Each structure stands twice: as structure tokens, then as C-alpha cells.
Amino acid sequence: MWYAIICEDVADSNAGRATARPAHLARLHELLDEGRLLVAGPHPAVDASDPGDAGFSGSLIVADFASLEDAQSWASDDPYLDAGVYEKVTVKPFKLVLP
């Protein structure tokens, strides 16, 4: 089943994001290579695809897991959590309707 992992950043998360980004992306690429990643990306803090110094306010990941517990476990191991980037992470079941 698909699960939405909705992450909210702490204020001024740019430095932590930069440090932990390679490890964060490596985990996402594993899901992608396994055919389990629907979408992933950050939420710009301003209305621009490149927010510059404004940075990001969080991230969204939608991926396939065997259970809610598996999705929560995966999310709890995110390098952005270890780096102090995420203030809050919510994991919810997601029903894909379109496309």
C-alpha cells in the first residue's frame, strides 16, 4: 500500500539539509530502484522552484510499504531526522486515484 510521509522542517534547516542530503537521497534511490517510490520532494518555503536562502519548509514522500508500521519505521530512520532537519514527521496511508 502507498503511504504519504509528510515532513515539516525546523526553522533555518538549510545547513542540516545540505549535510544530510546525500544519505537522504540514497535511501530514496533505493525505494526508486525497487519500484516503490511514487513521488518525493521538498516544499519550498516561498513560491519558487528555487527558494534560495528561504530554503524549504518540509518534504513529501509517497512510497509503497507492506504496512503502516513499516512506513513509520522507514521514516524514523531518515538522515534528515538525525541531522535535526525535521521537526515533525507524519505517516498516513495514501490511496492513489489519479493518474
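As shown above, the structure is provided for reference.
What comes next concerns the included structure. (Residues numbered from 1 in each chain as written. Predicted model: local features only at pLDDT ≥ 70, side-chain atom pairs only at ≥ 80, totals over all residues. Heavy atoms only, no water.)

## Brief notes about the pattern of salt bridges
Next, step 1: Taken as a whole and judged by the stated rule, the model has three salt bridges.
Next, step 2: Of the charged contacts, one joins Asp 9 and Arg 17 as a salt bridge, the two residues approaching to 2.7 Å between their closest N and O atoms.
Next, step 3: With a relative accessible area of 9%, Asp 9 lands in the buried category.
Next, step 4: As a salt-bridge pair, Arg 36 and Glu 34 come within 2.6 Å of each other at their nearest N and O atoms.
Next, step 5: For Arg 36, a relative accessible area of 24% puts it in the partly exposed group. (Salt bridge = Lys/Arg side-chain N within 4 Å of Asp/Glu carboxyl O. Buried < 20%, exposed > 50% of the residue type's maximum accessible area, 1.4 Å probe, protein only.)

## Describing helix α2 (residues 68-76)
Next, step 1: Buried residues of α2: Ala 71, Trp 74 and Ala 75, and no others. The arc enclosing the buried residues of α2, seen along the axis, measures out at 100°, which places them on a common side.
Next, step 2: Elements in contact with the buried residues of α2: β1 (2-9), α1 (14-33), β3 (56-64), α3 (79-82) and β4 (86-94). (Helix = DSSP H or I, 4+ residues; strand = E, 2+ residues; numbered from the N terminus. Arc of directions from axis to C-beta. Contact = heavy atoms within 4.5 Å.)

Don't take any of this as a statement about function, it's just geometry.
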